[in-house]
Structure formats: C-alpha cells, structure tokens
Amino acid sequence: MINILQTLGLAYKAKRILIGEDIITSLKTKKVVLIILTSDVSDNTRKRFHDKAKFYDVDIIESFTKSDLGEALGKGYVSAIGILDNKLKDKILNFEESR
C-alpha cells in the first residue's frame, strides 16, 4: 500500500491528480478517468461522487483513509482525488485487484 501512496504523491506533483471539487468540474470535460474516495468519507459526499461518476461513466473506488491520502499528497485531509492519466488508472486498478 505504501508503494501506491508514493506513486499518488508523485502523480500529484506532476499534476496528474485533482483534489476535491475540481474533480466534479473536470468530469464534465471528460478529463478524469478514475475517482478514488476515502473509506471514511461522509455519506453525502459518497453519494454525490458515485452519482456523478455513474452519470459520466467514470470508474470509482473506495480505498485508504483521509489522513493516509492527505499525507501522501502533502495536504491535510483529502476525501477524494481524480486521476487524469490512463496508465496511472491501470496501475491503481491492478493494485486494488491484487489486494
């Protein structure tokens, strides 16, 4: 799990990841290819992201905690991130399948 969090941190520095409300606006332009929600996100946030992901046909997974994800990205608490890169999406999905 540490390896994938380090990868997410590097991808954030390379601007291949969006955080928070930027995900919703980028869904409309089809830039986001995967959404990662934390396992401890609120029910309202979970429903909103699931509804948007379903409408725009974007994969969504729930993994990590707010503090783990925030620490990996050099932020405080992060509830959701949007992945912009297909190769990174594939790597994350392969990691999730192997868990």
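Whatever comes next refers back to the structure up there.
Below is a summary of the structure that appears in this document. Computed from a predicted structure; not experimentally measured.

Quick look at the pattern of salt bridges
Then, in step 1: Applying the stated rule across the entire model yields five salt bridges.
Then, in step 2: Note that Arg46 and Glu62 form a salt bridge whose closest N and O atoms lie 3.1 Å from each other. Linking Arg46 in helix 3 (residues 43-55) with Glu62 in strand 3 (residues 59-62), this pair joins segments that are 16 residues apart in sequence.
Then, in step 3: A salt bridge links Asp51 to Lys47; its shortest N-O distance comes to 2.7 Å. Taken together, the residues span about one helical turn, with Asp51 and Lys47 both in helix 3 at a distance of four residues.
Then, in step 4: Using a relative accessible area of 52% as the deciding quantity, one classes Lys47 as exposed.
Then, in step 5: Through salt bridges with shared partners, a single ionic network connects Asp43, Arg46 and Glu62.

Some remarks on the side chain of Ser26
Then, in step 1: You can see Ser26 is positioned in helix 2 (residues 22-28).
Then, in step 2: When sequence neighbours within four positions are dropped, the list of residues in contact with Ser26 reads Leu18, Lys31 and Val32.

Examining the packing of aromatic side chains
Then, in step 1: Under the criterion given, the structure shown has one aromatic pair.
Then, in step 2: Look at Phe55 and Tyr56: their rings are 4.9 Å apart centre to centre, the planes differ by 90°, and that puts the pair in the edge-to-face class.
Then, in step 3: Since its relative accessible area comes to 64%, Phe55 is described here as exposed.
Then, in step 4: Classification of Tyr56 as buried rests on a relative accessible area of 15%.

The rules behind these values
- Residues numbered from 1 in each chain as written.
- Predicted model: local features only at pLDDT ≥ 70, side-chain atom pairs only at ≥ 80, totals over all residues.
- Heavy atoms only, no water.
- Salt bridge = Lys/Arg side-chain N within 4 Å of Asp/Glu carboxyl O.
- Helix = DSSP H or I, 4+ residues; strand = E, 2+ residues; numbered from the N terminus.
- Buried < 20%, exposed > 50% of the residue type's maximum accessible area, 1.4 Å probe, protein only.
- Contact = heavy atoms within 4.5 Å.
- Phe/Tyr/Trp six-rings, centres within 6.5 Å; stacked < 30°, edge-to-face > 60°.

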